[in-house]
Amino acid sequence: MINFENVSKYGLCDISLHIPKGEIVGLIGKSGAGKTTMIKLACGLLKPDSGRVYTGDKNPVANRKRYCTAVSTFIVSKPLLSRDDTVIQGFQLIRSMYGISEADFENRYAELSERLDFKKYEHQPVKNLSLGQRMRAELGAALIYEPELLLLDEPNVGLDENGKAALYELLTERCKSGMSVLMTSHDMAGVAKICGRIALLDNGRLIFYGSQDNLRSRYAPIDVMTLKYSGNIPDFEDLPLKNYCVDGNRITLSYNSNHITSAEILKLILGQTTVSEVSIRKPDLESIISQIKSEG
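The structure presented is a predicted model; accordingly, all values stated were derived computationally and were not measured.

Draft legend 1. Main features of the pairing of strand β3 (residues 24-28). Buried residues dominate β3, accounting for five of its five residues. Here β3 shows a buried face lined by Ile 24, Gly 26 and Ile 28 and a second buried face lined by Val 25 and Leu 27. With four bridges joining them, β3 and strand β7 (residues 180-184) adopt parallel strand pairing. Within the sheet, the bridge partner assigned to Ile 24 lies in β7 and is Val 181. With four bridges joining them, β3 and strand β8 (residues 197-202) adopt parallel strand pairing. Bridge pairing in β8 links Ile 28 to Leu 200.

Given below as structure tokens:
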């Protein structure tokens, strides 16, 4: 759906990645890493200094008018709804601009206004809304014409937990129907929840692109297993563990999942004692990113 081929622009340097149809990709990195620049390149607001960007199979700069109904872009600093219009007036303007039929519009608006919870202030001017209220309406506006590609720059700014949950549920459902999403975010919990792939930028360079499992395997493969046992204390001498701790009838093990699997550990332990409870904790996305930053 989106192809970046050796793209450079401003601070971005030689970026190459492919985002397939129906995928949600989280674009993460510290402020100034180039995340918003990539969003603007993908929708045709910027032209690369070198390399090529394709949305679908077309250049988004040369084909912006043709593809305006296929691509929807949400950037916090570029509102979709006029401040002086009421929410419903803003949506009606979008309906007119994109040629949405009245019946389709009514159905889509009814769903989005209910699920994102902005119907109760649809007759208020946008300028009178709180940040969270405006964000709910703006996100609805980005989805109202059901784009094939949705580009989101920090979409959860100002949203409470209910608002985030509603947004993530909508994105997940839309992507199952074929929509692709590229989103920037500093909310690592949200990214971890819905993004099938992670693109990690550092000082304008793409240092990782792939699944969360691959990111964890590459940068933070240490898992922690906690189990409750009864019987003999297992012998761990043959296991390549980082460390372990026995506290009463509970054992906590740390191990590199690239070297040994949880199934292999359990198989050896079950051959020596009885296990009644097992839990496995993997490092979360926020701790992985923190580790990458701290290690340079």
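Draft legend 2. Looking closely at the pairing of strand β6 (residues 149-153). Taking burial as the measure, the five residues of β6 include five buried ones, the bulk of the element. Where β6 lies against β7, five bridges are found, and the strand directions are parallel. Considered in β7, the bridge of Asp 153 is made with Thr 184.

Draft legend 3. Expanded view of the pattern of salt bridges. Counted under the stated rule, the structure contains 19 salt bridges. As a salt-bridge pair, Arg 197 and Glu 23 come within 3.5 Å of each other at their nearest N and O atoms. With Arg 197 in strand β8 and Glu 23 in the loop between β2 (12-19) and β3, the pair connects residues that are 174 residues apart, well separated along the chain. On the basis of relative accessible area, Arg 197 is assigned to the partly exposed category, the value being 27%. Judged by its relative accessible area of 19%, Glu 23 is buried. Here Arg 136 and Asp 160 are joined by a salt bridge, their closest N and O atoms 2.9 Å apart. Here Asp 160 lies in the loop between β6 and α5 (161-176) and Arg 136 lies in helix α4 (residues 131-143), a separation of 24 residues in the sequence. Judged by its relative accessible area of 11%, Arg 136 is buried.

Draft legend 4. The arrangement of the sheet that holds strand β12 (residues 250-256) in detail. Across the sheet, which stays open at both edges, the four strands sit in the order β11-β12-β10-β13 with antiparallel pairing between neighbours. What marks the edges here is a single partner per strand, and that holds for β11 (241-247) and β13 (274-281). The mean inter-strand angle of the sheet, taken between neighbouring strand axes irrespective of direction, is 15°. Two elements, strand β10 (residues 222-230) and β13, share seven bridges in a ladder whose sense is antiparallel.

Draft legend 5. Region of the structure containing the sheet that holds strand β9 (residues 205-211). The six strands are arranged β5-β6-β7-β3-β8-β9 in an open sheet whose pairing can be described as mixed. This sheet does not close on itself; its edge strands, each paired only once, are β5 (71-75) and β9. Averaged over neighbouring strand pairs, the angle between their axes works out to 15° when direction is ignored. The pairing of β8 with β9 spans six bridges and is classified as antiparallel. If you follow Ile 198 over to β9, its bridge partner there is Gly 210. Each of β5 and β6 touches α4; the most contacted strand, β5, lies at about 165° to it.

Calculation notes
Residues numbered from 1 in each chain as written. Predicted model: local features only at pLDDT ≥ 70, side-chain atom pairs only at ≥ 80, totals over all residues. Heavy atoms only, no water. Buried < 20%, exposed > 50% of the residue type's maximum accessible area, 1.4 Å probe, protein only. Helix = DSSP H or I, 4+ residues; strand = E, 2+ residues; numbered from the N terminus. Pairing = 2+ DSSP bridges. Salt bridge = Lys/Arg side-chain N within 4 Å of Asp/Glu carboxyl O. Axes fitted to C-alpha atoms, helices over the stretch in contact; angles between N-to-C directions. Contact = heavy atoms within 4.5 Å.

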